[in-house]
Each structure stands twice: as structure tokens, then as C-alpha cells.
Amino acid sequence: MVKKLSKSLGAPVEGSASTPPSRFSEGVLPKLIVFDLDYTLWPFWVDTHVTPPLKAASTHDSVKDRFGESFSFYNEVPSILSSLQASGVKVGAASRTSAPDLGREMLRLLHVADTDGKKRKAIEFFDHMEIYPGSKITHFNKLQKATGLRYEDMLFFDDEARNRNVESLGVTMYLVRDGVSRAELENGIKDWRKRHGHDVARAADTNI
């Protein structure tokens, strides 16, 4: 399947950064939530659609490349990153891009408002980053070593079904079709809870 650059989906939603996803705080959460970048956090491939040098808009909600093309996150990504950090969940990135420096620069130039409304570089909302070509298995092996967490405590969002191979390690992967949204985040967390029996435990508590 050939993916095309989507401009409309990347526009940030005004005032969304401090709004947590509904039901997000209920129940057990993964200790580490990891996101792919291309077509997961933003609607483009950074190594083929973006041509440096980059220049951020005055609001840092979008970035323009050499040809004046504008790039930004999917609508609800800023809100999601802010909410995750406020919740205490560790956040990671796992991307196989062949332009890792450009991906990091994009994360530095795009800013996200925290729950206090203060805008900060998006890269500051990530605790761990593995951005380089190769298998996502390698990315997660390094994430495990860096965090000391069990693979079973990790939830991964990615747009490519082939990366479900990380589940052989014990990671839960949730496949996104049109970028991460609050609804997709909730569904991924539900899948992770179901896989590890947390929903069963909650149901049992409710019936006591």
C-alpha cells in the first residue's frame, strides 16, 4: 500500500493539549508506551516527504521544509503526549527511519503544551528514543535494557502489521490505521489490559 502525505490530518487542535483521553486514568496502565513516528504520530514519512532545512512556525505547531511544505502531528497527539507524561507513564519512540537526525529535529521544532499550558519541545515528552533503520525487535531489545522493564509492561503503537513481531518478546502491539488518536490509545490500553488479565481483575473487584 502506497501512503500519501496528508496535510489536513496534521493540524493541531487548539486547546487540546491539557485534555486527557476519556477513561485514560481508570485501571492499570502499561509502564512504558512506545510510538512509531511515521504515520503513527505524524502523517508523513520523515525520510522521503521532508526536505531539510526545517523552520518552525512562530507557534511551533507546525514545521516547514525547504520547499515550504508544512508538517505537524496528527490532531490529538499533543494532547496524548501531555496526558501520558502527567500520568507518570514512561514514553518511548521506536522508528526504523533512515533519517534519524531529521526525525529528532522535527521533535525538537514541534512543541507541545503540558498540562499547565506551558509549551515545550515535543522531544522532551519522550523518556527513551530508538530511531534508526532495522528491525523493531532491535529497538525493543534496547528499550528493555535502557528501562529495565519487562516486555510485558510495554505497549507499542505502530501502523505496520509486520512490526507485530515484537509480540514474540512479550510486548503488546496495537495497529493504528490513521494515526494515533485518543480512541486508539484507549483501545490499545484495553488490549494490553485484556492480554495481561487486568480487566478480569477489575471485574472481580467490582463484583465483591
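Identification of the protein as Magnesium-dependent phosphatase-1 from Cadophora malorum is taken from an unreviewed UniProt entry.

1. Considerations on the pairing of strand 1 (residues 32-35)
Side chains Leu32 and Val34 of strand 1 all project onto a buried face; the interleaved residues Ile33 and Phe35 project onto the opposite face, where all are buried too. Pairing of strand 1 with strand 5 (residues 90-95), which is carried by four bridges, proceeds in the parallel orientation. Directly across from Leu32, in strand 5, lies its bridge partner Lys90.

2. Considerations on the packing of aromatic side chains
Inspection of the entire model under this criterion finds seven aromatic pairs. Judged by centre distance (5.1 Å) and plane angle (10°), the rings of Trp42 and Phe44 are stacked. An aromatic cluster of at least three residues, connected via ring pairs, comprises Trp42, Phe44, Phe71 and Phe73. Arg120 extends its terminal NZ or CZ atom over the ring of Phe125, reaching a point 4.5 Å from the ring centre.

3. Overview of the environment of Thr59
When you line up the elements, Thr59 lands in the loop between strand 2 (55-56) and strand 3 (63-64). Through-space distance from the C-alpha of Thr59 to that of Leu110 is 8.9 Å; in sequence the pair is 51 residues apart.

4. Looking at the sheet that holds strand 9 (residues 154-158)
Strands sit in the order 8-5-1-9-10 across an open sheet of five strands; the sheet is parallel. The sheet is open, and its two borders are formed by strand 8 (128-131) and strand 10 (172-175), each paired with just one other strand. Within this sheet the neighbouring strands show an average axis-to-axis angle of 20°, counted without direction. Judged from the four bridges that link them, strand 1 and strand 9 form a sheet pairing that is parallel. Paired with Ile33 across the two strands is Leu155, which belongs to strand 9.

5. Let's talk about the environment of Val171
Relative to the helices and strands, Val171 resides in the loop between strand 9 and strand 10. In this structure Val171 comes out as buried when scored by relative accessible area, which is 0%. Sequence-wise, Val171 and Ile137 are 34 residues apart; in three dimensions their C-alpha atoms are separated by 9.9 Å.

6. Details of the pairing of strand 5
With five of its six residues buried, strand 5 lies for the most part within the structure. With four bridges connecting them, strand 5 and strand 8 associate as parallel partners. Bridge pairing in strand 8 links Ala93 to Met129.

7. Here's the deal with the environment of Val46
With respect to the element layout, Val46 can be found in the loop between strand 1 and strand 2. What makes Val46 buried here is its relative accessible area of 1%. Through-space distance from the C-alpha of Val46 to that of Leu102 is 7.0 Å; in sequence the pair is 56 residues apart. When residues no more than four places from it in sequence are discounted, the contact partners of Val46 are Asp38, Thr97, Ala99, Leu102, Gly103 and Met106.

8. A closer look at the pattern of salt bridges
Under the counting rule described, the total for this entry stands at 10 salt bridges. The closest approach of N and O atoms between Arg120 and Asp114, which form a salt bridge, is 3.7 Å. A relative accessible area of 11% places Asp114 in the buried class.

9. Points about the side chain of Asp36
Structurally, the position occupied by Asp36 is in the loop between strand 1 and strand 2. A distance of 3.4 Å separates a polar atom in the side chain of Asp36 from a polar atom in the side chain of Lys136. When residues no more than four places from it in sequence are discounted, the contact partners of Asp36 are Leu41, Ala94, Ser95, Lys136, Phe156, Phe157, Asp158 and Asp159.

10. Points about the sheet that holds strand 4 (residues 70-71)
Here three strands make up an open sheet; going across it, the order is 2-3-4 and the pairing antiparallel. In this open sheet, the two strands that pair with only one neighbour each are strand 2 and strand 4. Here strand 3 runs beside strand 4; their pairing, made up of two bridges, is antiparallel. When the bridges of strand 4 are listed, Val63 appears paired with Phe71.

Cut-offs used in this document
Residues numbered from 1 in each chain as written. Predicted model: local features only at pLDDT ≥ 70, side-chain atom pairs only at ≥ 80, totals over all residues. Heavy atoms only, no water. Buried < 20%, exposed > 50% of the residue type's maximum accessible area, 1.4 Å probe, protein only. Helix = DSSP H or I, 4+ residues; strand = E, 2+ residues; numbered from the N terminus. Pairing = 2+ DSSP bridges. Phe/Tyr/Trp six-rings, centres within 6.5 Å; stacked < 30°, edge-to-face > 60°. Lys NZ or Arg CZ within 6 Å of the ring centre and 35° of its normal. Axes fitted to C-alpha atoms, helices over the stretch in contact; angles between N-to-C directions. Contact = heavy atoms within 4.5 Å. Salt bridge = Lys/Arg side-chain N within 4 Å of Asp/Glu carboxyl O. Polar contact = N/O pair within 3.5 Å; in protein donor to acceptor, adjacent residues only side chain to side chain.

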